[in-house]
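The lines below spell out each chain.
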Amino acid sequence: MGIANYIKEIGRGKDGARALNREQAADLFGQVLDGTVTDLEIGAFCLAMRIKGETAQEMAGFLDATHQRLHCIPASDKPTIVIPSYNGARKLPVLTPLLALLLAREGLPVLVHGTATESSRVYTSEVLLALDIPTQVAIEPIASGTVAFVPTTLLNSGLQRLLEVRRVVGLRNPAHSLVKLMNPVQGKSLLVTSYTHPEYAVSMAETLALMGSNALLLRGTEGEAVADPRRTPTMQGYMAGQVVERQEHQGGTLPSLPDLPPTTDANLTAHYIRRVLDGQKPVPTPIAQQVAHILHLVQAL
C-alpha cells in the first residue's frame, strides 16, 4: 500500500500542503504503527507534519488508528485516571507522581504512561521508582487506590518507535501530541492532559470534542499534566467531548509559594512528595485545586 500518496498531499510546505480527512489519517498512521512502511517514508511523514501541523480531524484519525492497536488496560471497579507523562523535569521538579498519589489516596486507580523522550530530563518513572513504584513489565488491571506506571512500548511498540524518531531528527512529530490525547483504558476513565503553548489549547480542545473524551485539560508544568505549583492555570473539564466546567487562569505567581526541592533530582523530589503525603508539607494549592476538579469530574462519569 505505502503512504507516498499521503506524503504528496501533506508534504507541499506550510502553504501548499493539504489536510487529510479522518479516514485517510487513520489509514496513514495505521501503516506507520504497523511498520509496513520504510524508515524514509516515516521520516518524510514526521517532517511533513512538523511543517504543516496536524488538524483536529487528522489527530482524530491518528487516534482512531492507535486505539485499534493498543494493548489496553482492563477496566477497574472505579473510574481510572489516565495521566500521560512524556516531558519530565527540566527546571522544576516533576510533580506528576504527587498528583497521581493524591488521586490514588482518594481510592482511585491511576494509570501513568510514558517514556523518556530526551536524555537531559528527569522523568516521572524515575521519581516513582524512588517512591518504590516500579515500571510495570506487563499489562494488568490497576487496583483501586494504587498508581501504575506503564511504559509506552507495552501499549504499542510502533508508537514507541515513532516517539524515538525525535532522537534521530531532533524534532517532535504527531506522536508526541497523540500520546497526550490517547486513552488506553477499557471501561470508565478520565484523561488528565496538558498543553504548553496557547495554540495547542485550541487544537487539543477540538480533538477532545471530536473524540467525545472525558478529560481535564490544563496548561501544565513544562509539558507535564500537573498544575504549576507556583500559579493558578486555566483548567477545563470535558464530559463526552463537551465543556462542563472551567477554572480561569489567574495572572502572576501565588502570594505564598511552596517550599519545593532545590533541584530536579528524582530522590529529592520523592522525599518532598513523601513529606507532602505525610502531612509534613502542604499540598501546593494549584495541585489541590486540580485534584478537586478531577474528583468532581469523576463523580459525573
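About the criteria used
Residues numbered from 1 in each chain as written. Predicted model: local features only at pLDDT ≥ 70, side-chain atom pairs only at ≥ 80, totals over all residues. Heavy atoms only, no water. Helix = DSSP H or I, 4+ residues; strand = E, 2+ residues; numbered from the N terminus. Rg over C-alpha atoms; globule rule 2.2 N^0.38 Å. Buried < 20%, exposed > 50% of the residue type's maximum accessible area, 1.4 Å probe, protein only. Contact = heavy atoms within 4.5 Å. Areas by Shrake-Rupley, 256 points an atom, 1.4 Å probe, with all protein chains shown as cover. Lys, Arg positive; Asp, Glu negative; His and termini not counted. Charge placed at Lys NZ, Arg CZ, Asp CG, Glu CD. Core = buried A, V, L, I, M, F, W, Y, C linked by side-chain atoms within 4.5 Å. 1 Å grid on protein atoms, 1.4 Å probe; cavity = no way out; pocket = protein on both sides within 12 Å on 5 of 7 lines; lining within 4 Å. Points joined across faces, edges and corners; volume = space filled by probe spheres on them. Nonpolar A, V, L, I, M, F, W, Y, C, P; charged D, E, K, R; others polar. Expected span 1.5 Å × (residues − 1). Arc of directions from axis to C-beta. Pairing = 2+ DSSP bridges. Axes fitted to C-alpha atoms, helices over the stretch in contact; angles between N-to-C directions. Polar contact = N/O pair within 3.5 Å; in protein donor to acceptor, adjacent residues only side chain to side chain.

Chemist: Explain the overall build of the protein to me, please; I cannot follow it from the model alone.
Modeler: Scanning the protein from N- to C-terminus turns up 13 helices and 7 strands. Its C-alpha atoms give the protein a radius of gyration of 19 Å, within 12% of the compact-globule value 19 Å for 301 residues. For the protein, the C-alpha atoms occupy an extent of roughly 60 × 40 × 40 Å along the three principal directions. Here the protein, with 301 residues, has 53% of them falling under the buried criterion. Of all intrachain contacts in the protein linking residues separated by at least 6 positions in sequence, the fraction that spans at least 24 positions is 73%. As presented, the protein carries roughly 12900 Å² of accessible surface, and 51% of it is formed by carbon and sulfur atoms. Placing the 26 positive and 27 negative side-chain charges of the protein at their respective mean positions leaves the two points 4 Å apart.

Chemist: Can you walk me through the nonpolar core in this structure?
Modeler: Grouped burial of nonpolar side chains is what soluble globular proteins tend to show. Judged by nonpolar contacts, the single largest core of 49 residues is most densely connected at Phe29, Phe45 and Met182. It is helix α3 (residues 22–34) that contributes the most residues to this core, 6 residues altogether. Setting aside residues no more than four positions away along its own chain, Met182 makes contact with Leu63, Thr66, His67, Leu70, Val82, Tyr86, His113, Leu155, Leu159 and Leu191. With 43 residues, the next largest nonpolar core counts Leu99, Ala100, Ile133 and Leu260 among its residues.

Chemist: Explain empty space enclosed by the protein to me, please; I cannot follow it from the model alone.
Modeler: Vacant regions in the atomic arrangement are exposed by a probe of water-molecule size rolled over the atoms. Going through the model one piece at a time under the given rule, you end up with 1 cavity of 30 Å³ or more. When its volume is computed, the largest cavity comes out at roughly 70 Å³. Along the walls of the largest cavity sit 13 residues, with Leu92, Pro93, Val94, Leu95 and Thr221 positioned nearest its centre. Tallied by class, the residues present in the lining of the largest cavity amount to 9 nonpolar, 2 polar and 2 charged.

Chemist: Please explain helix α13 (residues 285–299) as it appears in this structure.
Modeler: The α-helix advances 3.6 residues per turn, and as a result positions three or four apart in sequence lie on the same side. Compared with an ideal rise of 1.5 Å per residue, which puts 15 residues at 21 Å, α13 spans 21 Å between its outermost C-alpha atoms and is within 8% of the ideal. Among all positions in α13, only Pro286, Ile287, Gln290, Val291, His293, Ile294, Leu297 and Val298 are buried. Relative to the axis of α13, the buried residues are bounded by an arc of 160° and lie together on one face. At its buried positions, α13 is contacted by β1 (80–84), α6 (96–105), β4 (189–195), β5 (215–219), β6 (235–239) and β7 (242–247).

Chemist: Sorry, what's going on with the sheet that holds β4 here?
Modeler: Strand pairing in a sheet relies on backbone hydrogen bonds, with the paired strands running either antiparallel or parallel. Ordered by their spatial adjacency, 7 strands build an open sheet running β3-β2-β1-β4-β5-β6-β7, and the pairing between neighbours is mixed. The open sheet has two edge strands, β3 (147–151) and β7, and neither has a second partner. Taken over all neighbouring pairs, the strand axes of this sheet differ in orientation by 20° on average, direction set aside. Pairing analysis gives 5 bridges linking β4 to β5, with the strands arranged parallel. Bridge assignment links Leu191 to a residue of β5, and that residue is Ala215.

Chemist: How should unusual backbone geometry be read in this particular structure?
Modeler: Most peptide bonds adopt trans geometry, and most residues besides glycine take a negative phi value. For Asp132, which is not glycine, the phi dihedral falls at a positive 65°. Counting through the fold element by element, Asp132 comes out in the loop between α7 (124–130) and β3. Accessibility expressed as a relative area gives 62% for Asp132, which makes it exposed.

Chemist: Is there a simple way to think about the environment of Asn183 in this case?
Modeler: Topologically, Asn183 is positioned in the loop between α10 (174–178) and β4. The exposure class of Asn183 is partly exposed, given its relative accessible area of 21%. Residues Asn183 and Ala201 lie 18 residues apart in sequence; the distance between their C-alpha atoms is 18 Å. Those residues in contact with Asn183, other than ones at most four positions away along the chain, are His67, Leu70, Val82 and Ser189. Here Val185 takes part through its backbone nitrogen, which lies 3.1 Å from a polar atom of the side chain of Asn183.

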